[in-house]
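Commentary on secondary and tertiary structure
Each chain is listed here by its residues.
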Amino acid sequence: MNPARKRTVRLVVALSVAVVLASALIYTSFSAASPALTPSQLVHEAQPGRSYELTGTVLAHSVSRDGDVLNFSVADRATGATGAAVPVAYTGTVPDPFKEGREVIVTVEKQGGEYVGERNSLITKCPSKYKETPASEKQSS
Amino acid sequence: MALLGRICLLLALAVCAYGIGASIYGVRTGRWEWAVSGRRSVYALAGILTVGFVILEVAFLRDDFAFNAVADTSSRTTPTFYKAAAVWSSQEGSLLLWAWLMSLWSSLALFLTRRRIRDVAAYATAIMLGFGGFFISLMVFYAQPFATTSPTPSEGVGLDPLLRFPTMMIHPPMLYSGYTLCTIPLAFGMGALLARRVDAEWIRVIRRFAFGAWFFLGIGILLGARWSYSELGWGGYWGWDAVENAALLPWLTGTAFLHSLMIQEKRGMLKVWNVSLVLATGTLAIMGTFLVRSGVLNSIHAFGGQTLGVPFVVLIAVLIAGSIYLVITRREMLHTEHRIDSLLSREAAFLANNLVLVALVFVILWGTYFPLISEALTGQEASVGPPWFDRYTVPLALILVLLSGIGPVIAWRRATLANARRNFLVPIGLALATLVVLLAAGVPVKPFALAMFCCAAFVFGSISQEFFRGMRARSAMAGEAPPTALVALVRRNRRRYGGYIVHIGIAVLFVGVAASTSFQHESELGLSPGQSSRVGAYTIKYVRSTASVTPDYDSSSTQGGRELSAIIRAEPGVTLGPDTARTGATLSLGAVLDVSKHGRHVTTLYPSEGFYASEEPTQGSVGHLIGGQPVSHVAIDAGVTRDVWTAIAPNIETPQLKRIVTLGNRTLPYAHPGEGMVAIAALAAAYMKSPPQAQFHLIASPLVMWIWIGGLIVVGGALIAIWPAPSVVRHRVRARSRARAEQGLASA
Amino acid sequence: MEILIAILALVLLVVVVLVISAPLRAAWGSQDDVVVGRAALGEARGEPLKERADPDRARAGPAGRWGGSVSDQREPAEERAELEAEREAKYREIRDTELDYRTGKLSQEDFAATDGALRAEAVAILDRLAAVERDEDAPTELEDGPRPRGA
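Throughout this description, residue numbers start from 1 for each chain and increase along the sequence as written. Just so you know, chain letters begin at A and ligand numbers begin at 1, following the order they were written in. Local features in this predicted model are restricted to residues whose pLDDT is 70 or higher, and side-chain atom pairs enter the listing and the counts only when it is 80 or higher, whereas totals over whole chains, interfaces and linings include all residues.

**Quick word on the domain arrangement of chain A**
- In terms of domains, chain A is made up of domain 1 (1–33) and domain 2 (36–130).
- Centre-to-centre, using C-alpha coordinates, domain 1 of chain A lies 41 Å away from domain 2 of chain A. Either an automatic procedure or a domain database provided the assignment from which the domain bounds are taken.

Okay, structure coming up:
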């Protein structure tokens with residue numbers, strides 16, 4: 001095989017490998033991803049066994065701790081207490097800024113009638129007052 | 001003064017517009033005085049922005065709350081150091097810092113190249129001023145650093161307590177230096193394509209700036225990881241967060257560029273790769289800047305107005321489209337004379353290096369922007385977590401480390417079998433020996449971690465071999481004794497051997513990463529005083545609680561303050577802390593932890609959580625004193641073989657403690673925080689008397705320190721590589737003495 | 001206070017304009033001087049001598065300094081600095097190649113070929129460097145009689 005042909009073969013092989021790997025990557029990202037839902041969406045669409053990223057605000061007076069489990073309810077940012085609220089049972093690291101009224105992101109899975117928070121998946125957003133901090137808080141795992 | 005600041009910005013914008021026009025006119029008509037005028041516009045821009053930055057800094061230091069930026073992020077009680085650094089904790093201030101740094105680096109770059117590659121430099125000037133103009137426009141139209149309100153507020157909101165750590169305040173400027181430096185090679189890369197000139201001179205110029213960008217960005221990333229680990233309460237150093245990834249991406253392409261540039265230098269190959277990489281580095285840096293401040297991704301960081309997103313997207317689109325256009329239309333110029341002869345050659349190894357790094361960039365880019373991609377494609381926003389990232393980056397990192405050991409020793413053009421045997425015997429042997437030793441020692445079989453250890457051993461083997469052979473060669477050639485030969489070898493070939501040291505540093509770093517992630521023992525549970533927990537080989541016992549109250553003012557200076565201090569001191573178990581950490585926490589609740597191993601005491605740790613005051617009257621006169629964002633103060637025992645990391649989340653919301661706060665809110669006036677402090681002291685005393693169960697996060701992690709040591713080795717190697725060689729200095733001296741001799745001749 | 005700000009702004013504006021327009025003013029100013037004449041020629045030669053004695057100083061000079069396209073003759077000092085940088089880079093390449101050979105990364109034939117080529121290129125650079133330095137010395141020998149002293 002002359003050099004030019006060898007080079008073409010190499011190029012084709014390399015490109016094919018790249019395409020295959022990229023496809024595998026893209027495919028798995030869609031199946032491994034957790035859709036981000038608000039509480040009102042979650043209540044309607046949640047299927048047991050799938051994990052979802054719940055985003056919303058921690059409802060006032062909903063936080064209680066039972067041993068290792070932290071119980072709290074998440075409501076839509078827009079509707080607050082008047083709209084749907086999802087009760088979450090969460091174990092794992094609780095970020096410092098977590099408290100009632102803060103915006104959180106937590107990965108949950110519907111088990112029976114309950115929503116169980118995935119371990120160490122709770123993220124609390126910086127409160128809006130400090131919204132301009134460029135490189136603050138990294139509170140997840 | 002704010003008016004002067006606004007004038008500065010407008011003047012800066014005008015200077016940018018003029019400079020772009022002048023540079024392009026100058027280079028296209030050949031009237032170089034215009035190009036020089038364009039260069040001087042950059043100098044002028046740096047000067048104007050310096051004036052603007054100083055105005056803002058002075059406003060912060062003088063507590064001039066008329067400035068919105070000052071009122072939003074500083075307060076009278078903020079310590080001076082943090083006041084000065086608070087400038088860049090706001091969106092507007094950070095934009096000003098970015099633009100200012102960029103103008104400084106651009107001025108430096110143009111000053112250093114004022115006699116060289118004039119055509120490229122002129123185009124580069126226009127591009128750099130384009131960036132400057134973009135950021136200044138943002139400051140003029142969207143996020144004004146010199147916006148004021150009247151009437152002037154009497155007090156500011158104060159600095160986010162999470163930022164009151166020295167490392168945290170140095171981290172943004174360091175990272176911004178890295179980001180802004182990435183735009184310089186981008187400008188010179190585009191300039192070279194525009195001027196149709198990608199030769200040895202261009203390589204020499206652009207390598208320096210690319211290296212500077214790589215260096216500062218790398219330090220910024222390392223500092224960020226270190227801060228995340230030692231200051232934040234989650235116990236990790238890397239979480240694949242969007243902001244972390246944003247800084248890593250240009251660093252990866254920068255690494256690829258610096259390496260593949262060597263191949264272009266030696267054999268004139270990979271030219272298309274090189275210009276593409278340098279353009280990608282700059283574009284990724286701009287994308288990173290955009291990501292961090294646009295709030296477009298649903299990550300931890302929700303910065304800035306959404307309004308900033310659109311201009312950035314436009315800029316990035318222009319950069320990408322422009323880069324692709326330039327590379328395609330100039331592709332004949334980037335034609336290579338030589339080709340890769342064999343897959344087993346140095347050229348191929350460097351190409352593989354490029355491929356692996358680009359693959360890493362693709363994975364991380366995809367994962368980071370996935371929420372946007374999935375929303376665009378499926379209408380549903382979804383995100384991928386760290387396990388997905390790890391799945392793809394770990395194997396790629398393994399290959400990368402392996403390549404960093406192969407690259408230095410593999411032969412050029414075509415590696416024969418005999419040649420391979422000679423060069424790879426020792427490294428492979430060392431890797432296998434390491435595997436055997438680890439398995440024999442009973443290390444748990446975690447395939448990726450073991451593979452990384454072996455790859456690292458391979459790197460150590462090949463680099464040591466390089467040093468040894470080089471030393472032996474020099475010793476034979478120059479007749480020097482081995483130690484002298486070694487020193488002389490490194491001095492005369494700094495780039496090569498400094499680079500080898502960087503490879504060692506990376507290998508060490510990855511050993512630390514592999515060990516600390518695969519062999520970590522973690523425990524998260526509630527403990528009451530007296531209880532203990534097993535974490536790996538360690539037993540950690542919660543001995544007793546601690547409480548410290550630090551009033552937010554100098555308690556000894558007023559009569560009331562002194563009385564208050566006396567009251568607080570009278571509470572048993574409560575310490576009246578001087579605010580030695582200068583963190584400004586009103587109340588600190590913590591624990592004394594006894595760490596022991598096999599019954600023998602190892603160390604005592606004092607983690608705590610600081611509760612800060614907020615400016616929300618709705619929380620009550622006592623409630624607001626501790627109603628601000630709490631910050632965890634982590635306690636780490638760092639050792640050569642392992643780190644013991646502890647954090648505490650005390651329960652401040654027990655019924656008893658809440659009753660104290662409610663009572664205080666009802667009876668004590670908001671306007672006198674000093675009186676509210678009495679309630680806080682009572683709270684602390686109650687906590688000490690019967691401490692409720694606290695949540696602990698305990699980690700025993702092997703070899704964490706080697707991550708930081710590896711980082712230091714990388715920095716050291718990089719400095720050696722960039723240090724100007726002694727021979728150049730000698731010749732410069734000779735040149736000056738020659739000039740002096742000429743002068744003597746002239747006057748004779 | 002407003003007056004202070006106005007003055008500062010004005011000062012800033014003036015400084016900026018001066019800095020940016022310096023090369024333009026120099027180029028326009030010296031265009032009047034480009035007159036063919038021995039005095040002008042002598043001055044033109046004298047000025048560069050001053051420049052070369054201190055090549056790092058960037059000053060406004062005759063039109064030749066900023067005028068012309070990139071293919072024009074460059075200032076000898078600039079040329080020399082550039083050639084010296086090329087020479088250093090070439091020396092480094094030669095050292096690198098030898099090191100590659102001695103540590104087993106370059107075959108004997110490749111080394112001989114590359115080394116030879118590099119050394120030839122180095123010689124070419126040294127020749128050009130010598131030529132530039134000869135050019136610098138030349139005016140010194142030609143000049144006789146009073147002429148401006150070096151700074």
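So much for the structure itself; the text now carries on.
**A look at the nonpolar core**
- Under the definition applied here, buried Ala, Val, Leu, Ile, Met, Phe, Trp, Tyr and Cys residues are grouped into a nonpolar core through C-beta atoms within 7 Å. With C-beta atoms placed from the backbone, a residue is labelled by how many other C-beta atoms lie within 10 Å of its own: buried for 20 or more, exposed for 12 or fewer, partly exposed between the two. Core analysis: the largest hydrophobic core is formed by 196 residues, its most contacted members being B:Val401, B:Ala456, B:Phe510 and B:Val511.
- Considering every element that reaches this core, the biggest residue donor is helix H2 (residues 32–61) of chain B, with 17 residues.
- Shared between two domains, this core holds at least three residues of each, these being domain 1 (1–163) and domain 2 (165–339 + 358–364) of chain B.
- What B:Val511 contacts, discounting residues up to four positions off in sequence, is B:Met452, B:Phe453, B:Ala456, B:Leu703 and B:Trp706.
- Ranked by size, the runner-up nonpolar core spans 48 residues in total, among them A:Val58, B:Val535, B:Ile699 and B:Ala700. Helix and strand definitions follow DSSP, with helices as H or I runs of at least four residues and strands as E runs of at least two, each counted in order from the N terminus. Residues are defined as contacting one another if the C-beta atoms placed from their backbone atoms lie within 7 Å.

**Looking at the pairing of strand S2 (residues 51–58) of chain A**
Residues and elements named next belong to chain A.
- Along S2, seven of the eight residues are buried, which leaves the element largely enclosed by surrounding structure.
- Two strands pair under a simple rule: DSSP has to find at least two bridges between them. Direction of pairing for strand S1 (residues 34–37) relative to S2: parallel, over a ladder of two bridges. If you follow leucine 37 over to S2, its bridge partner there is leucine 54.
- Assignment of crossover handedness uses the view with strands pointing away from the viewer, where a clockwise path from the first strand over the helix to the second indicates a right-handed crossover. The parallel pair S1 and S2, bridged by helix H2 (residues 39–45), forms a crossover whose chirality is right-handed.
- Where S2 and strand S6 (residues 103–111) come together, seven bridges link them in antiparallel fashion. Residue pairing for S6: tyrosine 52 is matched across the bridge by valine 108.
- Relative to strand S4 (residues 69–75), S2 runs antiparallel, the two sharing two bridges. Each residue of the ladder has a partner; that of threonine 57, found in S4, is alanine 75.

**A few points about the pairing of strand S11 (residues 642–649) of chain B**
All names here are of chain B.
- Within S11, eight of the eight residues are buried, leaving the element largely enclosed by the surrounding structure.
- Alignment of strand S10 (residues 635–638) against S11, held across four bridges, turns out to be antiparallel. Residue alanine 638 lies in a different strand from S11, and its bridge partner there is aspartate 643.
- From the end of S10 to the start of S11, which pair antiparallel, there are three residues.
- Here S11 runs beside strand S12 (residues 694–702); their pairing, made up of eight bridges, is antiparallel. Bridging from a neighbouring strand, tryptophan 645 pairs with isoleucine 699 of S12.

**A few points about the packing of helix H5 (residues 91–112) of chain B against helix H6 (residues 118–142) of chain B**
Residues and elements named next belong to chain B.
- Geometry is summarised by axes, namely lines fitted to C-alpha atoms with helices restricted to the contacting stretch, and by angles between N-to-C directions that run from 0 to 180 degrees. Contact pair H5 / H6: the axes reach a minimum separation of 9 Å and the direction vectors enclose 165°. By the angle between their directions, the pair H5 and H6 is classed as roughly antiparallel. Crossing of H5 against H6: the hand is left-handed. Along its contact with H5, which presents Glu92, Leu95, Leu96, Trp98, Ala99, Met102, Ser103, Ser106 and Leu110, the element H6 presents Ala121, Thr125, Met128, Phe131, Gly132, Phe135, Ile136, Leu138 and Met139.
- Note that Gly is not counted as nonpolar here; it falls among the polar residues with everything else outside the nonpolar set of Ala, Val, Leu, Ile, Met, Phe, Trp, Tyr, Cys and Pro and the charged set of Asp, Glu, Lys and Arg. For the contact of H5 with H6, the residue count by class is 13 nonpolar, four polar and one charged. Orientation is classified from the angle alone, with under 35 degrees giving roughly parallel, over 145 giving roughly antiparallel, 65 to 115 giving roughly perpendicular, and any other angle giving oblique. The sense of a crossing depends on the near helix, which, turned anticlockwise from the far helix by less than a right angle, makes the crossing left-handed and, turned clockwise, makes it right-handed.

**Some points on the sheet that holds S10(B)**
All names here are of chain B.
- Read across the open sheet, the four strands follow the order S2-S12-S11-S10; overall the sheet is antiparallel. Bordering the open sheet on either side are strand S2 (521–527) and S10, each of which pairs with just one other strand. Each strand of the sheet is rotated relative to its neighbour by a mean of 10°, with strand direction disregarded.

**Regarding the packing of helix H13 (residues 386–406) of chain B against helix H15 (residues 447–478) of chain B**
Residues and elements named next belong to chain B.
- Their axes nearest at 8 Å, the elements H13 and H15 cross at an angle of 15°. By the angle between their directions, the pair H13 and H15 is classed as roughly parallel. Pair H13 / H15 crosses with left-handed handedness. Listed contacts from H15 to Val394, Leu398, Val401, Leu402, Ser404 and Gly405 of H13 are Phe448, Ala451, Met452, Cys455, Ala456, Phe458, Val459 and Ser462.
- Class assignment for the residues of the contact of H13 with H15 results in 11 nonpolar, three polar and no charged.

**What about unusual backbone geometry?**
Residue and element names in this part refer to chain B.
- With a phi angle near 55°, aspartate 63 is a residue other than glycine that sits in the positive phi range.
- In this structure, aspartate 63 sits in the loop between H2 and helix H3 (68–73).
- A positive phi angle, close to 65°, is found at arginine 413, a residue other than glycine.
- Inspection of the secondary structure puts arginine 413 in the loop between H13 and helix H14 (417–440).
- According to the C-beta neighbour criterion, arginine 413 is buried, with 20 such atoms within 10 Å.

**Concerning helix H21 (residues 705–722) of chain B**
Residue and element names in this part refer to chain B.
- Relative to the 26 Å expected for 18 residues at 1.5 Å per residue, H21 spans 26 Å between its end C-alpha atoms, a close match to the ideal helical length.
- For H21, every residue scored as buried is listed here: Trp706, Ile707, Gly710, Gly711, Ile713, Val714, Gly717, Ala718 and Ala721. Axial view of H21: buried residues confined to an arc of 160°, hence all on one face. Helix span, as expected, comes to 1.5 Å for every residue beyond the first. The reported arc concerns the directions from the helix axis to the C-beta atoms and nothing else.

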